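Listed below, chain by chain, are the residues.
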Amino acid sequence: MLRQKRFLVALALVLALAVAVPIFAQAATSDNGPRVTTTGGPNPVQELGLTSEQAAQIRDIQQQMYNKTRDLRIKLMDATFALRQLRWQENPDQAAIDAKIKEINNLRDQLRQAAQECRQKMASVLTPEQKEKLQSLRGCGGRHGRGGMKGLGGLGPGMGACGGPCFGGGFGPRGGW
């Protein structure tokens, strides 16, 4: 009887491991979030044939954008968290929620405007040939196509090339070239 119980317990453990190991292996290799790669994607300086001066100008624009939008991005995170807290109240105040949503949308509009200015500044550094090359590197499907750069379009998740929401796509694991 004791021997039979031990056998059943051992069999249950073996079956549990047989099911659990593939599940954990799949979870460890799934694509559930951003990862930093060793290569970081294509090199925009090489891909677009940028001169040293152009690359320096773009880095300067990126730094300016990062500095300009830093406080806005922090305010947006704070406002988003505050909205989440308001919604988790026992008796949520809809007026306060609406005001917070308006504040968040205003901050996002300011970031979009700054991103548009950044895109224009960065595009002004490129030659017509480089702009054409950038367009061709975007990949099929335009701005959000697979397998290519997203280039000068849109706001992507996280930070863009300008250290803020500039250049929604492009080179690198988080977009931005």
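Residues numbered from 1 in each chain as written. Predicted model: local features only at pLDDT ≥ 70, side-chain atom pairs only at ≥ 80, totals over all residues. Heavy atoms only, no water.

Overview of helix H3 (residues 52-87)
An ideal rise of 1.5 Å per residue puts 52 Å on 36 residues; H3 measures up with 50 Å between its terminal C-alpha atoms. At Thr 69, H3 shows its strongest bend, of approximately 45°. Listing the buried residues of H3 in full gives Gln 54, Ala 55, Ile 58, Ile 61, Gln 62, Met 65, Thr 69, Leu 72, Arg 73, Leu 76, Ala 79 and Leu 83. Contacts made by the buried residues of H3 are with helix H2 (44-48), helix H4 (94-125) and helix H5 (128-137). (Helix = DSSP H or I, 4+ residues; strand = E, 2+ residues; numbered from the N terminus. Expected span 1.5 Å × (residues − 1). Bend = angle between axes of the 7 residues up to and from the residue. Buried < 20%, exposed > 50% of the residue type's maximum accessible area, 1.4 Å probe, protein only. Contact = heavy atoms within 4.5 Å.)

Here's the deal with the side chain of Gln 54
Mapped onto the elements, Gln 54 comes out in helix H3. Of the residues examined, Gln 54 reaches a relative accessible area of 7% and is grouped as buried. Contact partners of Gln 54, with chain neighbours within four places excluded, come to Gly 49, Val 125, Leu 126, Thr 127 and Gln 130.

Concerning the pattern of salt bridges
Enumeration over the complete set of coordinates arrives at three salt bridges. Of the charged contacts, one joins Glu 103 and Lys 100 as a salt bridge, the two residues approaching to 3.0 Å between their closest N and O atoms. Residue Glu 103 and its partner Lys 100 are both found in helix H4; the two are separated by three residues, about one turn of the helix. Owing to a relative accessible area of 34%, Glu 103 belongs among the partly exposed residues under this scheme. The class of Lys 100 is buried, set by a relative accessible area of 18%. One salt bridge in this structure joins Arg 112 and Asp 109, with 3.0 Å as the shortest N-O distance. Within this pair, Arg 112 and its partner Asp 109 are both found in helix H4, separated by three residues, close to a single helical turn. Since its relative accessible area comes to 42%, Arg 112 is described here as partly exposed. Given the relative accessible area of 45%, Asp 109 is considered partly exposed. (Salt bridge = Lys/Arg side-chain N within 4 Å of Asp/Glu carboxyl O.)

Concerning the confidence of the model for the protein
When pLDDT drops low, the exact placement of atoms in the prediction is not to be read closely. A residue-level look at the protein finds 59% of positions with pLDDT of 70 or above and a mean pLDDT of 76. Mean pLDDT in the protein bottoms out at helix H1 (residues 2-29), which sits at 61, and peaks at H3, which reaches 97. Every residue in residues 140-175 is under pLDDT 50, and counting partners more than four places away or in other chains gives 106 contacts. (pLDDT = per-residue confidence, 0-100.)

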